[in-house]
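Summary of the model geometry
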Amino acid sequence: QVQLVESGGGLVQSGGSLRLSCAASGSISDIFRMGWYRQAPGKERELVARITSDGTANYADSVKGRFTISRDAKSTEYLQMNRLKPEDTAVYYCTADRVERGVISRSWGQGTQVTVSS
């Protein structure tokens, strides 16, 4: 089991920046990938970015060049969000993936609200 706690959300003006954090606890030694998803009102949840244990990062096209995902040695991950746009408004969720009995098991955080005003 992995527990995830996000922080750092809030209200920011268009063009501003926010940094989200996600602290993992529990079976963290088995985590091979962490990520961020978001869900805007009336829309499906979508992948924002993810990073593997070797540091390989992938981003949604909509955030490339503006967002940066990172992870420290203590299994805390971050999402630095720059040049924010109103369409980035959503609840952001942290995820952690590990292999459990040959199956990928994903844990989710509780979510943190990001609101970008125009």
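Presented here is an overview of the structure given in this document. (Residues numbered from 1 in each chain as written. Predicted model: local features only at pLDDT ≥ 70, side-chain atom pairs only at ≥ 80, totals over all residues. Heavy atoms only, no water.)

To continue, consider unusual backbone geometry. Phi at R83 takes a positive value of approximately 50°, unusual for a residue other than glycine. Along the chain, R83 turns up in the loop between β8 (76–81) and β9 (90–100). Unusually for a residue other than glycine, R101 sits at a positive phi of about 55°. Topologically, R101 is positioned in the loop between β9 and β10 (103–108). (Helix = DSSP H or I, 4+ residues; strand = E, 2+ residues; numbered from the N terminus.)

Moving on: the pattern of salt bridges. For the structure on display, the rule yields 8 salt bridges. As a salt-bridge pair, D30 and R98 come within 3.8 Å of each other at their nearest N and O atoms. In this pair, D30 sits in the loop between β3 (18–26) and β4 (31–39) while R98 sits in strand β9, placing the two residues 68 residues apart along the sequence. With relative accessibility at 6%, the residue R98 sits in the buried group. (Salt bridge = Lys/Arg side-chain N within 4 Å of Asp/Glu carboxyl O. Buried < 20%, exposed > 50% of the residue type's maximum accessible area, 1.4 Å probe, protein only.)

On their own, these measurements won't tell you what the molecule is for.
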